[in-house]
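Remarks on the overall topology
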Amino acid sequence: MLDLSQVGYVSPSAVTVGVFDGVHLGHQHLLSRLTQMAADRSLTPVVIVVHPPPQTVLEGFESWTLLTSPTYRRELIERCGIDKVMPLKFTPQVALISAFDFCKQLVETLQMRLLIAGPDFALGHRREGDMSRLSQIGNELGFEVQSIEYFNLPERSVSSSEIRGALELGQIVEANSMIGRRFEIVGRVAEGEKRGRLLGFPTANVVPESRQLMPRDGVYAVIARCAGKSYGGVANLGVRPTFGASARLLEVHLFDFADDIYGQELDVAFVESIRGERQFADVEDLRSQIAVDVKTARRILKRQPLG
């Protein structure tokens, strides 16, 4: 059985199902079509968010990461005009449910009258429920099935895997163009070794949420949001080889900022890559390079709204 208890009462609905990691432009296109088609049919749009990704359960990925946490993903989907967002925990038991029984439960619990998805979508045991099979099931159970064309940019396809590839290469601008907003990492500010303060550039040591995908190690121009306010800054992601460290950290120096934010949540939006991480001969060389990085980040951010 599917656990659909969290969604509450739903009037006749239009439904889409997926992982929606990143809630990128392709996902936004699908969600826009969902709301439009639901409105045309006087239905309630419902998004079922599957977590964890089915491949991690079926194929045993131990080091899987996410573009967006489940909490932030829900917020992003709601921003697209979806009031009913239902998490569905994917388990080995869920993987065994047939496409027919899966759809039957959606019809009985959510009064599903319309199911929309991309052309290659499939659900049910061994992905038996492709779009052709879902149309057959819809005829039996009384719901409509609509295939939604994929959204692509002129120069490239848009997908979570394409975005991951760009981030792993440090290609922030390219990744942001596919996401439709700046790539963000959300975390709590923890006490660090305070080396940045000694160098004249105090930093916030940001501890990301579990399984957050991180871009390639390097230095980035960022915009950070804390307590409802946004600040420009420069971030270093990596192991700090000049100090012989090994733990990977995200350290953010906020411009014109001196508040104590230990324990607070910091939302770090990546704007552009400045350089890769490298080891310096001594601390003075590092200090000089940080000063250059700050100037570069300030110049980049002059072209960017902080909001």
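One can find the structure itself at the top, above this paragraph.
These remarks concern the structure in this document. Counting from 1, residues in each chain are numbered in the order their sequence is written. Whole-chain, interface and lining totals are the exception, using all residues; otherwise, since this is a predicted model, local features are given only for residues with pLDDT of at least 70 and side-chain atom pairs are given and counted only at 80 or more. Working from all heavy atoms in the structure, the side-chain values ignore hydrogens and water.

**Digging into the packing of aromatic side chains**
Our working rule: Each pair of aromatic rings taken from Phe, Tyr and Trp, with Trp reduced to its six-membered ring, is defined by centres within 6.5 Å and is described as stacked if the planes are under 30 degrees apart, edge-to-face if over 60, and tilted in the remaining cases. Helix and strand assignments follow DSSP, with helices taken as H or I runs no shorter than four residues and strands as E runs no shorter than two, numbered in order from the N terminus. Residue exposure (1.4 Å probe, protein chains only): buried if accessible area is under 20% of the type maximum, exposed if over 50%, otherwise partly exposed.
By the definition in use, this model includes 3 aromatic pairs. Measuring from ring centre to ring centre gives 5.2 Å for Tyr220 and Phe270, while their planes differ by 75°; the resulting arrangement is edge-to-face. Taken together, the residues span a long stretch of sequence, with Tyr220 in strand β12 (residues 218–226) and Phe270 in strand β15 (residues 265–276) at a distance of 50 residues. Residue classification places Phe270 among the buried residues on the basis of a relative accessible area of 0%.

**Some details on the nonpolar core**
Keep this limit in mind: What we call a nonpolar core is a set of buried Ala, Val, Leu, Ile, Met, Phe, Trp, Tyr and Cys residues that are connected through their side-chain atoms within 4.5 Å. Contacts were defined at the residue level, with two residues in contact if any of their heavy atoms lie within 4.5 Å.
Judged by nonpolar contacts, the single largest core of 32 residues is most densely connected at Leu167, Phe183, Leu250, Val252, Ile261, Leu266 and Phe270. Contributing elements (two or more residues each) for this core: α7 (160–168), α8 (172–179), β10 (183–190), β11 (204–208), β12, β13 (229–238), β14 (249–254) and β15. Apart from residues no more than four positions distant in its own chain, Val252 is found in contact with Pro202, Thr203, Ala204, Val206, Val222, Val234, Ala235 and Val268. Grouped together as the second largest cluster of nonpolar side chains are 29 residues, Leu2, Val17, Leu110 and Ala117 included.

**Topic: the sheet that holds β11**
Test applied: Pairs of strands are assigned from DSSP output, requiring at least two bridges between the strands. Axis definition: a line fit to C-alpha positions, over the contact stretch in the case of helices; interaxial angles, taken between N-to-C directions, run 0 to 180 degrees.
Spatially, the 6 strands close up into a barrel ordered β10-β11-β14-β13-β12-β15, and their pairing is antiparallel. Neighbour-to-neighbour, the strand axes of the sheet open up by a mean angle of 45°, direction not taken into account. In this structure, β11 lies alongside β14, joined through 3 bridges in antiparallel fashion. Looking at β14, one finds that Val206 is bridged to Leu250. Set on the sheet, α8 makes contact with β10, β12 and β15; between it and β15 the angle comes to about 130°.

**Examining the pairing of strand β1 (residues 13–18)**
Burial runs high along β1: 6 of the 6 residues are buried. Of the two faces of β1, the one lined by Ser13, Val15 and Val17 and the one lined by Ala14, Thr16 and Gly18 are each fully buried. One ladder, built from 6 bridges, connects β1 with strand β2 (residues 44–51); its direction is parallel. Counterpart to Ser13 in the pairing with β2 is Thr44.

**Considerations on the sheet that holds β1**
If you walk across this open sheet you meet the 5 strands as β3-β2-β1-β4-β7, and the pairing is parallel. Two strands in the sheet have a free side with no partner beyond their single neighbour: β3 (84–89) and β7 (144–147). Strand-to-strand twist of the sheet, defined as the mean angle between neighbouring strand axes without regard to direction, takes the value 25°. Bridge count for strand β4 (residues 112–117) against β7 is 4 bridges, and the pairing is parallel. In the strand pairing of β7, Ile116 is matched with Gln146.

**A word on helix α10 (residues 283–301)**
An α-helix turns once per 3.6 residues; consequently, residues spaced three or four apart project the same way. Quick reminder of the rule: Here the expected span of a helix is defined as 1.5 Å times the quantity of residues minus one.
A rise of 1.5 Å per residue sets the reference length of α10, with its 19 residues, at 27 Å; its end C-alpha atoms lie 26 Å apart and thus fit the reference within 8%. Along α10, the residues classified as buried are Leu286, Gln289, Ile290, Asp293, Val294, Thr296, Ala297, Ile300 and Leu301. Summarising the contacts, the buried residues of α10 are in contact with β12, β13, β14 and β15.

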